[in-house]
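This is what each chain is made of:
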Amino acid sequence: MRLAELLAEILNGLQYGLLLFLISSGLTLIFGVMRVINLAHGSLFMIGAYVAYVIAGATGSLWLALPAALLGGALFGAVLERGLFRRFREREHLDQVLLTFALILLFEEARAALLDNQFHSVAVPAALDFSVPVVGDFAYSAYRIAVLGICLFVAALMFMFVERTRLGSAIRAAAENPEMVDLLGIDARRLHTLVFAGGTALAMLAGALAAPLQSVYPGMGDGYLIISFVVVVIGGLGSIAGAFWAALLIGLIDTLGKAYVPQAAGSAVYLLMACVLLWRPSGLFARA
Amino acid sequence: MLHVSRRRLLGGAAALALGRPAFAQGAPLKVGLMLPFSGTYAALGENVAAAFELYLQERGGRLGGRTVTLVRLDDESDPAKAPQNVNRLLERDQVEVLVGTVHSGVVMALVQAARERNVLLIIPNAGNDAATRELCAPSIFRTSFTNWQPAYGMGKVLAAKGVKKAVWVTWDYAAGKESGEGFGDGLRAGGGELTQVLTLPFPETNFQPILAQLPGLGVEAVGSFFAGGSAVQFVKDYAASGLKEKLPLCGSGFLTEGVLKAQGAAAEGLQTALHYGDGLDNPKNIVFRAAFQQKTGRAADVYAVHGYDACQLLAIGLDASKGDARAIKPMAAAMEAAKIDSPRGAFSLSPSHNPVQTIYLREARGGENRVIGIAAEALADPGTGCKMG
C-alpha cells in the first residue's frame, strides 16, 4: 500500500461520502420530523439525475441543470407533501411505507414512458473538462473537485441553517420530539412541507451532481436508497450532524474496502450497521 | 376428436412410416427469435433480428425448401423470465428452431431446452463460454464468440509488444471473468503475465476506488471488459484520472463498440480486439453493410453480423435436411462442415460449434474502430470440457 494511493482513496471516499450526505440528510430529516420512512428517496435522486441529463442534453450546460434540480426539487417536494404525505399523516406506518413504495413504481414507469430504458452518459461542463494531478500519478477531474466543493458548501449552509436560525431550531426540536412543536406553537404543517421540500431538493441536487460521474440509468437510485438508510441508522435518526459523520464514515469504509479488501467490500458497511444497532441502537452520533 | 382431416391423417401415417416426427412439406417452418427488444440491450436485439430477416429475404423467405415464419419474443434480458419464455415459444407457438439471445444469463434457459428436447438452437450473441464448452450439445450452435476469444487476442497483442505484466478490470460476473481468463491466456502465450483481476459488483459505475490503485500495481498495461453505457463511463473516468498516457488501456472490443461517439476524445487511440471492425473491405462486408443500411436506415454493427450469420448457418442446416428442423444429425453434419461466408470474413465452426475466427486489432480513431491489424488468426475457443453426444 503506497501513501499516494491511500491518499487518493481517502479523497475518493470523502467525495463519495459527501454526496451520500446530500442524499441522507434529507432522508434523516424527513424521518425525524415527519416520522415517515421515505422509500422513494432513491427515486428522487434518480429524477435529479434525469433532470440533469435532459437539461444538459437540451441546453448543453449542466450549470442550468443544478439550480433546476434544486428549485424543481423543492417545488416537487412541496407538492408531494401537500398532495399526498399530508393525507397520510395520521395513518399507520405501513400505509405510509406503501405510499412511498407506490411512488417508486410510479416514478420508474413515468421515467420509462417519458424517456427510455437506456443507459445515458452526461457530459461534464466544458469549463471543467480537464484533470488536475492530486497525488502522485493519479489525477482528479476538475468536475469531481467541484462536486466536492459544492457538497461541502451545501453542508455548511445546512449546519448554519439548522444550528443558527429559528426555523432550524424548530426543525431540530421537531426531529427530537415531534409533540414539542405543537407545544411551542409552531405550525407543524408548514414545517412538514418545508422539510419534505428541502429533502427532495437535496436528493435531486445530489442526483444532478452525480449524473456526469456515474451516468444515468433506470433504478440508479436503488443502491443509494439502501446505503442512505445505513447512513441514517448509523448517524442516528433525525440527526443532521450524525448523518454528516456517518456519511463520511460510510464513504471511506466503502471506498477503502473496495480498494483493499474487495472480497468484503460488499458487506463491510452492513456489518458496521449491524454492530451499531447492537451496541448503540439510537446511532453513533445521537444524543443519548 | 373426429375432426381429423384426411390430409392430416395421411401425413401422420406417412410420418409414422418414415419413423420421424411429422412435418408437412408445405407447412411454414416456425423459427423463434428470442431476443431483447426492450431494455438495455434492445438496440442489440433489434440489429440481430433485422440482419436475420435480411438474409431470409435474400433467400426469398425460404430455407430448405420451406417458407419460414419468424416468431419474435422479447426476453427483456430477464433471466428470471427466461424458462417461461422458452416454453412459450416451444409449446404455445410451436417453433421448431430457437434463435437467441444477447444476455448470457437468459441464454442458459435456451441451452437447457435445446439439450433436453434436442431442439436446434443458434446463439447469435451471448458469449458465455459454457454454452460451447461443458454444456455443448449436437443441437447447439453459436455464430458470435466466446468471451474468451476477443480478450485472448488482446492479451496476445500486448505480449507481442513486449508487455510483461498487465491487469484486467471488469465486473464481477460471468462475461467479465471469462474474458479475463482469455486475456491471461493470451498474455501467457506471448510470455507475459496477468498479475491481477480487479472487479466491482455488476452493474456499479463508481470506478474511482479501482482507478486510484492502478498506478501502484507495477503493471505496463490495463485490459478491461465493460459494455454499453458503463463502458462510456469507464473510458471517460480512466482518461480523467490522467492514467491514459502513462498506462495504456485496452480491452475486448465491446469496450468501444457502439459507444465511441459518447466516449469522445477519451477513447481516441484506444486499442481493442474483436472479430469485427470498421474498414473491413472484403466484398461480402461491403455488400452486407449497404443492404443492412438500406433495410434499416442504420449502420451495421457486430451484432447485425451475428444475426446475419445465424440465418446463414440455419440455411445450411435446413438445406441439408431438406427443411426438416428435427433432423439434428444431417443438419449438424452440414453445419459442422460449412464455411460461412460472413461479413467479418469467412469462418468455420470448431468441434464444439463455436466460430473459428480471426480476431482483429482495432484502434479508436475519429469515432470509428478502425481495423489496424490481426490480433489472432483463425482463433478457436479451447472448448474445454465439451463432450458431444
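Here the residue index of a chain counts from 1 through its sequence in written order. To label them, take the chains in the order written and letter them from A, then take the ligands in the order written and number them from 1. Thresholds applied to this predicted model are a pLDDT of at least 70 for local features of residues and 80 or more for the giving and counting of side-chain atom pairs; totals over whole chains, interfaces and linings are not thresholded and use all residues.

## Some words on the overall build of chain A
Right, so step 1: The numbering of helices and of strands both runs from the N terminus, where a helix is a DSSP run of H or I of at least 4 residues and a strand a run of E of at least 2. The number of helices and strands found in chain A is eleven helices and two strands.
Right, so step 2: Going from the N terminus to the C terminus, chain A shows its helices and strands as α-α-α-α-β-β-α-α-α-α-α-α-α.
Right, so step 3: Radius of gyration: C-alpha atoms only; globule rule: 2.2 Å multiplied by the number of residues to the exponent 0.38. Relative to the globule expectation of 19 Å for 288 residues, the C-alpha radius of gyration of chain A, 19 Å, shows essentially globular dimensions.
Right, so step 4: Projected onto its principal axes, the C-alpha positions of chain A cover 60 × 45 × 35 Å.
Right, so step 5: Here chain A, with 288 residues, has 49% of them falling under the buried criterion.
Right, so step 6: The contact rule is simple: place each C-beta atom from the backbone, and if two of them lie within 7 Å, those residues are in contact. Intrachain contacts of chain A at a sequence separation of at least 6 include 76% that bridge at least 24 residues. The burial label depends on the number of other C-beta atoms within 10 Å of a residue's C-beta. Counts of 20 or more mean buried, 12 or fewer mean exposed, and intermediate counts mean partly exposed, with C-beta atoms placed from the backbone.

## Overview of the overall build of chain B
Right, so step 1: Helices and strands together make up the secondary structure of chain B, namely twelve helices and 14 strands.
Right, so step 2: At 22 Å, chain B has a C-alpha radius of gyration in line with the 21 Å of a compact globule built from 389 residues.
Right, so step 3: When burial is assessed residue by residue, chain B has 56% of its 389 residues classed as buried.
Right, so step 4: At a minimum sequence separation of 6, the contacts of chain B that also span at least 24 residues come to 71%.

## A short note on the packing of helix α2 (residues 42-58) of chain B against helix α11 (residues 302-320) of chain B
Any two packed helices are characterised by the angle at which their axes cross and by the distance between the axes.
All names here are of chain B.
Right, so step 1: Put simply, α2 and α11 touch, their axes get as near as 7 Å, and they point 40° apart. In terms of axis orientation, α2 runs oblique to α11. Along this stretch, α2 crosses α11, giving a crossing that reads as right-handed. Contacts between α2 and α11 involve Leu44, Asn47, Val48, Ala49, Ala50, Ala51, Phe52, Leu54, Tyr55 and Leu56 from the first element and Tyr303, Ala304, Val305, His306, Gly307, Tyr308, Ala310, Cys311 and Gln312 from the second.
Right, so step 2: Here the contact of α2 with α11 is composed, by residue class, of 15 nonpolar, four polar and no charged. The convention used is that axes are lines fitted to C-alpha atoms, helices contributing only their stretch in contact, and that angles between N-to-C directions extend from 0 to 180 degrees. Working definition: roughly parallel below 35 degrees, roughly antiparallel above 145 degrees, roughly perpendicular at 65 to 115 degrees, and oblique for all remaining angles. Helix crossings are classified by the rotation of the near helix relative to the far one: an anticlockwise turn of less than a right angle makes the crossing left-handed, while a clockwise turn makes it right-handed. Throughout, the ten residues Ala, Val, Leu, Ile, Met, Phe, Trp, Tyr, Cys and Pro are labelled nonpolar, Asp, Glu, Lys and Arg are labelled charged, and all others, Gly among them, are labelled polar.

## Examining the environment of Leu66(A)
Residues and elements named next belong to chain A.
Right, so step 1: With respect to the secondary-structure elements, Leu66 resides in helix α3 (residues 62-83).
Right, so step 2: Of the residues examined, Leu66 has 21 C-beta atoms within 10 Å and is grouped as buried.
Right, so step 3: Along the sequence, Leu66 and Ala265 sit 199 residues apart, while their C-alpha atoms lie 31 Å from each other.
Right, so step 4: Excluding residues that lie within four positions of it along the chain, Leu66 makes contacts with Leu205 and Ala208.

## Quick look at the domain arrangement of chain B
Residues and elements named next belong to chain B.
Right, so step 1: Domain assignment breaks chain B into domain 1 (28-145 + 281-353) and domain 2 (148-274 + 361-379).
Right, so step 2: Where each domain starts and ends follows an automatic or database-derived domain assignment. Centre-to-centre, using C-alpha coordinates, domain 1 lies 28 Å away from domain 2.
Right, so step 3: Here the residues of the side of domain 1 that touches domain 2 sort into two nonpolar, four polar and two charged.

## Topic: the pairing of strand β2 (residues 138-141) of chain A
Residue and element names in this part refer to chain A.
Right, so step 1: Neither face of β2 is left uncovered, since the one carrying Phe138 and Tyr140 and the one carrying Ala139 and Ser141 both have all their residues buried.
Right, so step 2: By this definition, two strands are paired if DSSP reports at least two bridges between them. Pairing analysis gives four bridges linking strand β1 (residues 131-135) to β2, with the strands arranged antiparallel. Bridge pairing in β2 links Val135 to Phe138.

## With respect to the packing of helix α9 (residues 220-235) of chain A against helix α10 (residues 240-260) of chain A
Residues and elements named next belong to chain A.
Right, so step 1: Contact geometry of α9 with α10 gives a least axis separation of 8 Å together with a crossing angle of 125°. Classified by the interaxial angle, the pair formed by α9 and α10 is oblique. For the element pair α9 and α10, the recorded crossing hand is right-handed. Counting all contacts with α9, which are made through Ile227, Val230, Val231, Val232, Ile234 and Gly235, the residues of α10 involved are Gly242, Ala243, Trp245, Ala246, Ala247, Leu249 and Ile250.
Right, so step 2: Partitioning the contact of α9 with α10 into residue classes produces eleven nonpolar, two polar and no charged.

## Things to note about the nonpolar core
A general trend in soluble globular proteins is that nonpolar side chains are found buried together.
Residue and element names in this part refer to chain B.
Right, so step 1: In this description, a nonpolar core means buried residues of the types Ala, Val, Leu, Ile, Met, Phe, Trp, Tyr and Cys, linked to one another by C-beta atoms lying within 7 Å. Core analysis: the biggest nonpolar cluster contains 130 residues, and Phe52, Leu98, Leu110, Leu121 and Val235 have the highest contact counts within it.
Right, so step 2: For this core, the element with the most residues is α11, which contributes twelve residues.
Right, so step 3: Structurally, this core is a two-domain feature, drawing no fewer than three residues from each of domain 1 (28-145 + 281-353) and domain 2 (148-274 + 361-379).
Right, so step 4: Phe52 has contacts with Leu33, Val99, Gly307, Tyr308, Ala310 and Cys311, leaving out every residue within four places of it along the chain.

## What about the interface of chain B and chain A?
Right, so step 1: Taken together, the contact between chain B and chain A spans 24 residues of the former and 26 residues of the latter.
Right, so step 2: Among the elements that make up the side of chain B that touches chain A, the one with the highest residue count is helix α8 (residues 228-240) of chain B (six residues).
Right, so step 3: Residue composition of the side of chain B that touches chain A, by class: eight nonpolar, 15 polar and one charged.

## Observations concerning the sheet that holds strand β6 (residues 140-142) of chain B
Residues and elements named next belong to chain B.
Right, so step 1: Strand order in the open sheet formed by six strands is β2-β3-β1-β4-β5-β6, and the pairing between neighbours is mixed. This sheet does not close on itself; its edge strands, each paired only once, are β2 (62-63) and β6.
Right, so step 2: Where strand β5 (residues 120-123) lies against β6, three bridges are found, and the strand directions are parallel. By the bridge assignment for β6, Ile122 is matched with Phe141.
Right, so step 3: The strands that α11 touches are β2, β4 (97-99), β5 and β6; relative to β5, the one it contacts most, it runs at about 155°.

## Concerning unusual backbone geometry
All names here are of chain B.
Right, so step 1: That bond from Gly100 to Thr101 is cis: its omega, 0°, falls within 30 degrees of zero.
Right, so step 2: By the secondary structure assignment, Thr101 is in the loop between β4 and α4 (107-117).
Right, so step 3: Although it is not a glycine, Asn118 sits at a positive phi angle of roughly 55°.
Right, so step 4: Judged by local crowding, Asn118 falls into the exposed class, with 12 C-beta atoms found within 10 Å.
Right, so step 5: Backbone geometry places Lys322, a non-glycine residue, at a positive phi of 55°.
Right, so step 6: Within the secondary structure, Lys322 sits in the loop between α11 and α12 (328-337).

## Some points on helix α10 (residues 283-296) of chain B
Right, so step 1: Multiplying one less than the number of residues by 1.5 Å gives the expected span of a helix. Under the 1.5 Å per step criterion, the end-to-end length of α10(B) is 20 Å for 14 residues, consistent within 8% with the ideal 20 Å.
Right, so step 2: The positive-phi residue at the C-terminal boundary of α10(B) is Gly297(B), with phi of around 80°.

## A few points about helix α5 (residues 148-160) of chain B
Residues and elements named next belong to chain B.
Right, so step 1: Compared with an ideal rise of 1.5 Å per residue, which puts 13 residues at 18 Å, α5 spans 18 Å between its outermost C-alpha atoms and is within 8% of the ideal.
Right, so step 2: Within α5, twelve of the 13 residues are buried, which leaves it mostly tucked inside the rest of the structure.
Right, so step 3: Turning to α5, its buried residues number three or more, namely Trp148, Gln149, Pro150, Ala151, Tyr152, Gly153, Met154, Gly155, Lys156, Val157, Leu158 and Ala159.

## With respect to the confidence of the model for chain B
Right, so step 1: The predicted model of chain B averages 91 in pLDDT, with 93% of residues at 70 or higher.
Right, so step 2: One number per residue, pLDDT, summarises how confident the predictor is, and it ranges from 0 to 100. Note on residues 9-22 of chain B: pLDDT under 50 across the span, and nine contacts to partners over four residues away in sequence or across chains.

## Structural notes on the environment of Ala325(B)
Residue and element names in this part refer to chain B.
Right, so step 1: Along the polypeptide, Ala325 turns up in the loop between α11 and α12.
Right, so step 2: The class of Ala325 is buried, set by 24 C-beta atoms lying within 10 Å.
Right, so step 3: Along the sequence, Ala325 and Glu96 sit 229 residues apart, while their C-alpha atoms lie 6.1 Å from each other.

## With respect to the pairing of strand β14 (residues 368-379) of chain B
Within a regular strand, the side chains alternate between the two sheet faces.
All names here are of chain B.
Right, so step 1: When strand β13 (residues 355-365) meets β14, the two strands line up antiparallel, connected through eight bridges. Bridging across to β14, Gln357 finds its partner in Leu379.
Right, so step 2: Counting the residues that bridge the hairpin from β13 to β14 gives two residues, and of these Gly366 lies at a positive phi of roughly 50°.

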